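Close look at the chain arrangement
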Amino acid sequence: MMGVFEHWDWQPPARFQRVTSVEMHTGGEPLRIFTGGLPELPGETVLQKRAYFRDRYDHLRLATIWEPRGHADMYGAVITASRDADLDVFFLHNEGYSTMCGHAIIAITTLVFDTGLIARSGARRELILNVPAGRIHATATMSGERVKEVSFRNVPSFAYQRDQQIDVPGLGCVRYDLAYGGAFYALVDARPFGFELIPREFNQLIDAGRRIKHAVMATSRIEHPFEAELSFLYGTIFTGPPHQSGHHSRNVCIFADGELDRSATGSGVSARAALHHARGELPLGEPIIIESILGSAMTVRAVEATQFGPHAAIIPEVSGTAHIIGRNEFYLDPNDALGGGFNFR
């Protein structure tokens with residue numbers, strides 16, 4: 001079969017816009033990192049760059065994250081040069097733009113040091129990233145010249161509202177907590193719904209997660225202490241018992257417009273660590289391992305207590321692994337009526 005293309009030298013027409021990417025996953029959760037074809041983004045801060053992209057080039061998010069090039073659960077990262085960090089990064093998903101993404105931090109750090117994008121040496125290599133939620137310090141633990149594991153210290157994370165309840169259409173009375181780990185989440189015990197947090201439940205989890213998110217959004221005012229653009233509910237996290245001995249728990253995050261995170265969710269486990277610490281269930285420095293719906297895992301610990309505006313907070317440290325799985329060169333044909341993207345959820 002390969003002989004058919006041995007002397008093939010086709011090049012795309014000049015009318016095609018080219019967008020290139022590296023494809024990765026962290027614990028099963030995809031990440032599309034754009035490497036070429038996007039416009040220059042002016043701005044002094046990540047939020048300014050993100051706003052410029054959102055206001056002028058959102059059609060590129062739709063074309064590369066939605067079908068036919070992506071899917072309802074695709075996730076992306078735009079990386080730019082930084083004036084005061086190693087990289088500025090913002091994130092794309094099916095609904096728009098997120099504030100923080102732990103699985104992306106783990107993947108980007110892996111990409112940087114596995115491929116030599118930034119030259120560093122030593123068994124532990126540091127990377128500083130600016131993201132919409134703040135400044136992230138990541139560390140790659142190396143095995144030779146390959147990344148063995150990545151850990152990152154997240155932005156201050158805190159319990160926002162505890163022991164709440166709400167009537168959710170189709171579900172009845174739902175008890176939840178609100179916590180922040182770079183994004184705001186409603187945290188819900190999965191057991192009253194009979195969920196085991198396993199792959200065959202994915203449709204039911206998406207439906208229930210969206211119902212809870214919309215009900216909470218309709219009744220709860222969420223305010224980030226410093227940045228209005230971060231003042232919104234990002235998703236619902238269902239929590240339950242672990243499936244593997246020695247692990248703390250399992251969770252599934254439903255975020256954006258019903259995206260189901262295949263990983264344990266880096267910002268989500270940060271929010272959970274803050275909530276457990278606030279309840280006296282997680283001492284500083286004690287690591288816990290949290291499973292995803294696939295059984296992949298992230299480790300999180302509260303490394304420091306701090307104050308974040310009016311909130312008693314922690315600095316979480318999250319660890320996990322990522323893998324490079326391929327490269328893409330996408331073509332955007334202006335004559336393709338469906339090439340601008342469509343989404344089925």
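Described below are features of the structure shown in this document. (Residues numbered from 1 in each chain as written. Predicted model: local features only at pLDDT ≥ 70, side-chain atom pairs only at ≥ 80, totals over all residues. Heavy atoms only, no water.)

**What about the nonpolar core?**
With 87 residues, the main nonpolar core has F91, I105, I108, L205 and F238 as its most contacted residues. It is helix α2 (residues 102–115) that provides the largest number of residues to this core, a total of eight residues. If we ignore the near neighbours within four places in the chain, the residues touching L205 are F195, L197, I198, F238, V252, I254, L260 and I293. V19, L41, M74 and L92 belong to the second-largest nonpolar core, a separate cluster that totals 15 residues. (Core = buried A, V, L, I, M, F, W, Y, C linked by side-chain atoms within 4.5 Å. Buried < 20%, exposed > 50% of the residue type's maximum accessible area, 1.4 Å probe, protein only. Helix = DSSP H or I, 4+ residues; strand = E, 2+ residues; numbered from the N terminus. Contact = heavy atoms within 4.5 Å.)

**Side note on the environment of P287**
Tracing the backbone shows P287 in the loop between α4 (266–278) and β15 (288–291). Sequence separation between P287 and S319 is 32 residues, and the spatial gap between their C-alpha atoms is 10.0 Å. Other than its neighbours up to four places away in sequence, P287 contacts T299, V300 and R301.

**A look at the pattern of salt bridges**
If you walk through the whole model with that rule in mind, you get 26 salt bridges. A salt bridge links D257 to R210; the shortest N-O distance between them is 2.7 Å. In this pair, D257 sits in the loop between β13 (249–255) and β14 (259–260) while R210 sits in helix α3 (residues 202–219), placing the two residues 47 residues apart along the sequence. The partly exposed category is assigned to D257, whose relative accessible area is 23%. Classification of R210 as partly exposed rests on a relative accessible area of 25%. One network of salt bridges, in which partners are shared, links R50, R54, D55 and E229. (Salt bridge = Lys/Arg side-chain N within 4 Å of Asp/Glu carboxyl O.)

**Re helix α1 (residues 46–65)**
For an α-helix the count is 3.6 residues per turn, leaving residues at separations of three or four pointing the same way. Taking 1.5 Å per residue as the helical rise, α1 with its 20 residues ought to reach 28 Å, whereas the 20 Å between its terminal C-alpha atoms falls clearly short. Along α1, the largest kink reaches about 85° and is centred on Y57. Burial in α1 covers these residues: V46, L47, K49, R50, A51, F53, L60, R61, A63, T64 and I65. (Expected span 1.5 Å × (residues − 1). Bend = angle between axes of the 7 residues up to and from the residue.)

**Overview of the packing of aromatic side chains**
In the structure shown here, the tally under the stated rule is 25 aromatic pairs. Both rings, one in F158 and one in F308, keep their centres 6.0 Å apart while their planes meet at 35°; by these two values the pair is tilted. With F158 in strand β9 (residues 158–168) and F308 in strand β16 (residues 297–308), this residue pair connects regions lying 150 residues apart in the sequence. In terms of burial, F158 and F308 fall into one category: buried. (Phe/Tyr/Trp six-rings, centres within 6.5 Å; stacked < 30°, edge-to-face > 60°.)

**What to know about the side chain of S151**
Mapped onto the secondary structure, S151 falls in strand β8 (residues 146–153). Apart from the residues within four sequence positions on either side, S151 is in contact with H137, A138, T139, E317, V318 and S319.

**Some remarks on the layout of surface pockets**
A probe matching the size of a water molecule, rolled over the atoms, marks out where space remains unfilled. In this structure, the largest pocket spans a volume of roughly 520 Å³. Of all the elements, strand β2 (residues 29–36) adds the most residues to the lining of the largest pocket, at four residues. Its residues assigned to classes, the lining of the largest pocket shows 13 nonpolar, eight polar and two charged. (1 Å grid on protein atoms, 1.4 Å probe; cavity = no way out; pocket = protein on both sides within 12 Å on 5 of 7 lines; lining within 4 Å. Points joined across faces, edges and corners; volume = space filled by probe spheres on them. Nonpolar A, V, L, I, M, F, W, Y, C, P; charged D, E, K, R; others polar.)

**So, the pairing of strand β3 (residues 76–80)**
Most of β3 is tucked away: four of the five residues are buried. Handedness of the β2-α1-β3 crossover: right-handed. In this structure, β3 lies alongside strand β4 (residues 87–92), joined through five bridges in antiparallel fashion. Residue pairing for β4: I79 is matched across the bridge by V89. (Right-handed = clockwise from strand over helix to strand, strands pointing away. Pairing = 2+ DSSP bridges.)

**Some words on unusual backbone geometry**
In this model, E67 is joined to P68 through a cis peptide bond whose omega is 5°. With respect to the helices and strands, P68 occurs in the loop between α1 and β3. Despite not being glycine, D163 has its phi angle at roughly 55°, a positive value. Secondary-structure assignment places D163 in strand β9. On the basis of relative accessibility, which here comes to 63%, the residue D163 falls in the exposed class. Even without glycine at this site, T265 takes up a positive phi of about 80°. Among the residues examined, T265 registers a relative accessible area of 4% and is labelled buried.

As far as function goes, none of this settles anything; it's purely spatial.
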